[in-house]
Each structure stands twice: as C-alpha cells, then as structure tokens.
Amino acid sequence: MAGVIRVLIADDDPLVRVGLSMVLAAGKDLQIVGEAADGAEAVELVRRLHPDVVLMDVRMPRMDGLAATAEIRRAGPEPAIIVLTTFDTDDHLLGALRRGANGFLLKDIPPDRILDAVRRAAAGESILAPSVLPRLISHAVGASAVEAEPGPEPAALAALQRLSEREREVAEAVATGSSNAEIAVALHMSVPTVKAYVSRLLDKLSCANRVQVAIMVHDARR
C-alpha cells in the first residue's frame, strides 16, 4: 500500500493506548487518526475517520472487540482489523477470524512486530502470531471433525482439486502461515504475482481469509 497508513487504536486501557501510540509513532509511514475506549466508539470512529488499519482490543465495555469487528465488517472488507489481546485462547482466535478480522496478535509481542503487522495488514495480508496458526487449524478442524469419518474431507479435497498446480502450491504455502514475501521467495515468484494468486484462491475456494484457506488445505490432507 502506497502512502501513509492511517491507524485507529481501540482499547479501554489508557496506558495501552499510550504505549501503542508510542510504538506506532516510530513508523514514519504510519499515522494515528483516532483512539477509541470501547467497541461502540471504535465502530463510530471507523465510519467517520475511514482508517486503513484498526488495532482492536478484545475485552472492552459497551461493545467488545469481537462484536465491534463484526459490526465494522458488515460495511465491507475495509479497514483491515488486527485483534490485540493478552488472552491466547482458541475461542478468541476463532471468534476474531470468524467475524472478519485480518489477524490476531498478542499484546506482549515486540514493537517492531506490531509495526510489521500493521504494514502487512494494510497490504492485504492476514496476521497471526507465529505460534498460533498450527493450533488454530488443529482446533478448528478438530471441532468440525468430531462427527466426521477419518480421512480427507470430500468438499475440501474436491475444491483443491479444481485448482491449477501453481494455485495448489500457493495454497500449500499459505497453509504454513508464510507471508506473501516468503511465498515469493520459496516459489520463485514476484510479490505482486503471489498477491494475485492469493486473491484468486480466496475467490475460487470461497474463503474469507488466509486462515480459512489453511484450514481447507488441512481438511483435504486428513
């Protein structure tokens, strides 16, 4: 994404908002356009300020971050929403992504990771803490497979079989949690080409985000 990235911070803790503001101020390409103390205020400010990225806390008064994410997403795919929380639980992970969040990060990550996450989210990538993706996929697939027969899930397998060989390679790479830049290096492609393939995958597989692609790949393997 070219130009300045406009960021909205939503957190009920004033100290957290100050800390995030200080971190983001280190990014010359980032601009804080507003701060919200609860989810309802976050929804209002998104409608009024049109940020590119929202850093969204989970637990807030009046309206929590998951409900605010769902409300914002009803209006469309923008802005990108990164859920920030201290609670590393599967319910929060799945809840955020099911409601349309672009990613999930823990509040104790280093400042440079937050800056990188904002930039990646603004560029259209999904953001997840490195330790999160394998467990998230396992939890999501495990929950859906309780009543299923062992082996590959037929719908997922059929969907992946409709992909070209190159599309399947990109899908497999997405399933590892790799960024567009990492996929580009691994598959000897340009980043814009990777972005085009990922967009095509989301459309062909009817997936809302990259994590859903990863879950589908996992479903087709088991």
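As a reminder, the structure under discussion sits directly above these lines.
Please read all numbers here as calculations on a predicted model, not as lab measurements. (Residues numbered from 1 in each chain as written. Predicted model: local features only at pLDDT ≥ 70, side-chain atom pairs only at ≥ 80, totals over all residues. Heavy atoms only, no water.)

Helix and strand content of the protein chain: eleven helices and six strands. For the protein chain, the residues scored as buried account for 49% of the 222 residues in total. The contacts of the protein chain with a sequence gap of at least 6 include a subset with a gap of at least 24, amounting to 67%. Here the protein chain has roughly 10,700 Å² of accessible surface; of this, 54% comes from carbon and sulfur atoms. (Helix = DSSP H or I, 4+ residues; strand = E, 2+ residues; numbered from the N terminus. Buried < 20%, exposed > 50% of the residue type's maximum accessible area, 1.4 Å probe, protein only. Contact = heavy atoms within 4.5 Å. Areas by Shrake-Rupley, 256 points an atom, 1.4 Å probe, with all protein chains shown as cover.)

This brings us to the pairing of strand 3 (residues 53-57). Burial runs high along strand 3: five of the five residues are buried. Residues Val53, Leu55 and Asp57 line one face of strand 3 and the alternating positions Val54 and Met56 line the opposite face, and both faces are buried. Sheet topology note: the strand 3/strand 4 (residues 80-85) ladder contains five bridges and is parallel. Bridge pairing links Asp57 to Leu84 in strand 4. (Pairing = 2+ DSSP bridges.)

Taken in spatial order, the six strands line up as 2-1-3-4-5-6 in an open sheet, and their pairing is parallel. Strands at the two margins of the open sheet, each flanked by one partner only, are strand 2 (30-36) and strand 6 (127-128). Across the sheet, helix 1 (residues 14-25) is in contact with strand 1 (5-10), strand 2, strand 3 and strand 4; its angle to strand 2 comes to roughly 170°. Strand contacts of helix 5 (residues 111-122): strand 1, strand 2, strand 3, strand 4, strand 5 (103-106) and strand 6, with the helix running at about 125° to strand 3, the strand carrying the most contacts. (Axes fitted to C-alpha atoms, helices over the stretch in contact; angles between N-to-C directions.)

Most of helix 3 (residues 65-73) sits out of view: seven of its nine residues are buried. Sitting at the amino-terminal end of helix 3 is Asp64, which places a side-chain oxygen 3.1 Å from the backbone nitrogen of Leu66. (Polar contact = N/O pair within 3.5 Å; in protein donor to acceptor, adjacent residues only side chain to side chain.)

Let us look at the pattern of salt bridges. For side chains bearing opposite charge, pairing can occur when the charged atoms are close. Taken as a whole and assessed by the stated rule, the structure comprises twelve salt bridges. Notably, a salt bridge pairs Lys107 with Asp11, separated by 2.8 Å at the nearest N-O pair. Here Lys107 is found in the loop between strand 5 and helix 5, whereas its partner Asp11 is found in the loop between strand 1 and helix 1, with 96 residues between them in sequence. Judged by relative accessible area, which is 28%, Lys107 ranks as partly exposed. What makes Asp11 buried here is its relative accessible area of 2%. For Glu35, the salt bridge goes to Arg17, with nearest N and O atoms at 3.4 Å. (Salt bridge = Lys/Arg side-chain N within 4 Å of Asp/Glu carboxyl O.)

On to the environment of Glu78, then. Note that Glu78 resides in the loop between helix 3 and strand 4. Spatially, the C-alpha atom of Glu78 lies 8.6 Å from that of His50, the residues being 28 residues apart in sequence.

Moving on: the packing of helix 1 against helix 5. For the pair helix 1 and helix 5, the least separation of the axes is 9 Å and the interaxial angle reads 75°. Judged on the interaxial angle alone, helix 5 and helix 1 are roughly perpendicular. Seen from helix 1, the contacting residues are Leu20, Val23 and Leu24; seen from helix 5, they are Pro111, Ile114, Leu115 and Val118. In terms of residue class, the contact of helix 1 with helix 5 is made up of seven nonpolar, no polar and no charged. (Parallel < 35°, antiparallel > 145°, perpendicular 65-115°, else oblique. Nonpolar A, V, L, I, M, F, W, Y, C, P; charged D, E, K, R; others polar.)

Okay, the side chain of Asn102 next. Mapped onto the elements, Asn102 comes out in the loop between helix 4 (90-98) and strand 5. One polar contact links Asn102 to Arg73, side chain to side chain, over a distance of 3.0 Å. Sequence-distant contacts of Asn102, defined by excluding residues within four places in its chain, comprise Arg73, Pro79, Ala80, Ile81, Glu125, Ser126 and Ile127.

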